[in-house]
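# Understanding the architecture of this molecule
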Amino acid sequence: MDKFKAMTFFCRTVEAKSFAAAAQSMNVVPSALSKLISALEKELGFSLLSRSTRSLSLTEEGAVYYEQCRQILADVEIAEGAGRLGAAQARGTLRIGMHPGLRYAMMTALKPFIDEQPELKVETLITNSATAVIDEGLDLVLHIGALSDSSMIARPLGWTRPIVCATPAYLASSDEPRHPRELAGYRAVIYARRDEAPNTRWTFMKGSETCDVEVPVRVVSRDGVGLVDAALSGCCLARPLDIAARHLVAAGQLRQLLSDWTGEPQAITAVLPPQGRSAPAKVRLFVDYVAALLAGSGSLALPVKPARPASR
């Protein structure tokens, strides 16, 4: 027996004071309503209603049961209403994972979003693992690069690419490189996880031409966040993502090198956990906010994906 349905039918019958009126209000036939309440009485082991040809009345046990059922149904209605409200408004805690290269750009852009969502708290974690939405219980991950798991729900947001940069002080002691091959004479900082070999080969593209360069590595950053920090120290040149360093280039703290040679474009994607229903409002609103930032004309605007060079 569907106990919840039976409780609902019973309460509506009591409130309508007849099987016919209750059945009409719920768009069911009176016989089906009467049959379900009789089955409920049989399962409970006591009578709920005293029936006569002209009226219905509650038994003593039925009156007690009715009050309990009425409260249960009211609590369910409140819970469903709160759930619908939460699905339409951003509230609670939004747990965001983000690629290290997005740390500065996203954290400095949070204020307008938070100001518009007064009932929302934001938690962030630096990670580029798409599975962190499951492993870490995150609401979404702002991921950069190719996604290895096609089962993830992903929304493309834009593109970024690596740029070579260094401090003016570091470049003062030597001529600025004009071709990627000249980078062999400079020290470099790179990112590499502990479980992978450092990638010391940088690939550049210019029109249909490509150029691979082995760079002399002096600093390895294990978390990715330290690339720009090491470059700012003046000890090395670095190749961070454009979105991670553009504010420093604009401020003159770093100088972009080899601007006519581009790096491989990297996709920026919002990765969401697999779910049967649509994402809650807090997630939808934040993803829309980030998409607008990256597609707009402000400091976070990104270029469209560049065309790949023709095969040689």
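Please refer to the structure placed before this passage.
Residues numbered from 1 in each chain as written. Predicted model: local features only at pLDDT ≥ 70, side-chain atom pairs only at ≥ 80, totals over all residues. Heavy atoms only, no water.

A few words now on the overall build of the chain. When helices and strands are counted, the chain shows 11 helices and 14 strands. Taking all 312 residues of the chain together, the buried fraction comes to 41%. When contacts within the chain are restricted to residue pairs at least 6 apart in sequence, long-range pairs at least 24 apart make up 73% of them. For the chain, the accessible surface area stands at approximately 17,000 Å², while carbon and sulfur atoms represent 51% of it. (Helix = DSSP H or I, 4+ residues; strand = E, 2+ residues; numbered from the N terminus. Buried < 20%, exposed > 50% of the residue type's maximum accessible area, 1.4 Å probe, protein only. Contact = heavy atoms within 4.5 Å. Areas by Shrake-Rupley, 256 points an atom, 1.4 Å probe, with all protein chains shown as cover.)

Take the packing of helix α2 (residues 19–26) against helix α3 (residues 30–44) next. Relative orientation and spacing of two packed helices are given, respectively, by the angle between their axes and the distance between those axes. Orientation of α2 relative to α3, taken along the N-to-C sense of each, is 110°, at an axis distance of 8 Å. Considering the angle they form, α2 stands roughly perpendicular to α3. On the side of α2, the interface is formed by Phe19, Ala20, Ala22, Ala23 and Met26, while α3 contributes Pro30, Leu33, Ser34 and Ile37. Of the residues belonging to the contact of α2 with α3, the class tally is eight nonpolar, one polar and no charged. (Axes fitted to C-alpha atoms, helices over the stretch in contact; angles between N-to-C directions. Parallel < 35°, antiparallel > 145°, perpendicular 65-115°, else oblique. Nonpolar A, V, L, I, M, F, W, Y, C, P; charged D, E, K, R; others polar.)

In this structure, Thr93 sits in strand β3 (residues 92–98). Beyond its immediate sequence surroundings of up to four residues, Thr93 is in contact with Leu120, Lys121, Glu123, Asp139 and Lys282.

Right, let's get into the packing of aromatic side chains. Two descriptors summarise a pair of aromatic rings, namely the distance from one centre to the other and the angle between the planes of the rings. Summed over all chains, the structure comprises six aromatic pairs. An angle of 55° between the planes, with centres 6.3 Å apart, marks the rings of Tyr170 and Tyr186 as tilted. With a gap of 16 residues between them, Tyr170 in helix α8 (residues 168–171) and Tyr186 in the loop between α8 and β8 (188–191) connect regions that are remote in the sequence. The structure contains a cluster of three or more aromatic residues connected by ring pairs, namely Phe10, Phe46, Tyr65 and Tyr66. In this arrangement the basic side chain of Arg239 is found over the ring face of Phe204, its NZ or CZ atom lying 4.2 Å from the centre. (Phe/Tyr/Trp six-rings, centres within 6.5 Å; stacked < 30°, edge-to-face > 60°. Lys NZ or Arg CZ within 6 Å of the ring centre and 35° of its normal.)

Moving on, we get to helix α1 (residues 3–16). With 14 residues, α1 ought to run about 20 Å at 1.5 Å a step, and its terminal C-alpha atoms sit 20 Å apart, in line with that. Ala6, Met7, Thr8, Phe9, Phe10, Cys11, Thr13 and Val14 are the residues of α1 that are buried. Among the residues trailing α1, Lys17 stands out with phi positive, at a value near 70°. (Expected span 1.5 Å × (residues − 1).)

With that out of the way, let us pick up the sheet that holds strand β6 (residues 153–160). Strand order in the open sheet formed by five strands is β4-β3-β5-β14-β6, and the pairing between neighbours is mixed. Looking along the sheet, the strands with just one partner apiece sit at the ends: β4 (120–126) and β6. Here the strands of the sheet are splayed against their neighbours by 20° on average, with no regard to which way each runs. As paired elements, β3 and strand β5 (residues 140–144) share three bridges and run parallel to each other. Of the residues in β5, the one forming a bridge with Ile96 is Leu140. (Pairing = 2+ DSSP bridges.)

This next bit is on the packing of α1 against α2. Where α1 meets α2, the closest approach of the two axes is 8 Å, and the angle between their N-to-C directions is 120°. Judged by the inter-axis angle, α1 sits oblique to α2. The two elements α1 and α2 meet at a crossing, and its hand is right-handed. Across the interface between the two elements, Phe9, Arg12, Thr13 and Ala16 from α1 touch Phe19, Ala21, Ala22 and Met26 from α2. Taken together, the residues of the contact of α1 with α2 break down into six nonpolar, one polar and one charged. (Left-handed = near helix turned anticlockwise from the far one by under 90°.)

Secondary-structure assignment places Met98 in strand β3. For the pair Met98 and Ile126, spaced 28 residues apart in sequence, the C-alpha to C-alpha distance is 5.1 Å. Leaving out residues up to four positions away in the same chain, Met98 has contacts with Arg103, Met106, Met107, Thr124, Leu125, Ile126, Thr127 and Leu142.

For the coordinates displayed, the defined rule picks out 12 salt bridges. Put simply, Arg255 and Glu176 hold a salt bridge, and the shortest N to O gap is 3.3 Å. Separated by 79 residues along the polypeptide, Arg255 in strand β13 (residues 255–257) and Glu176 in the loop between α8 and β8 bring together distant segments of the chain. (Salt bridge = Lys/Arg side-chain N within 4 Å of Asp/Glu carboxyl O.)

The residue Lys17 is not glycine, and still its phi comes out positive at about 70°. Topologically, Lys17 is positioned in the loop between α1 and α2. In this structure Lys17 comes out as exposed when scored by relative accessible area, which is 62%. One non-glycine residue, Leu258, adopts positive backbone phi at about 50°. Of note, Leu258 is situated in the loop between β13 and β14 (266–272). You can call Leu258 buried: its relative accessible area is 6%.

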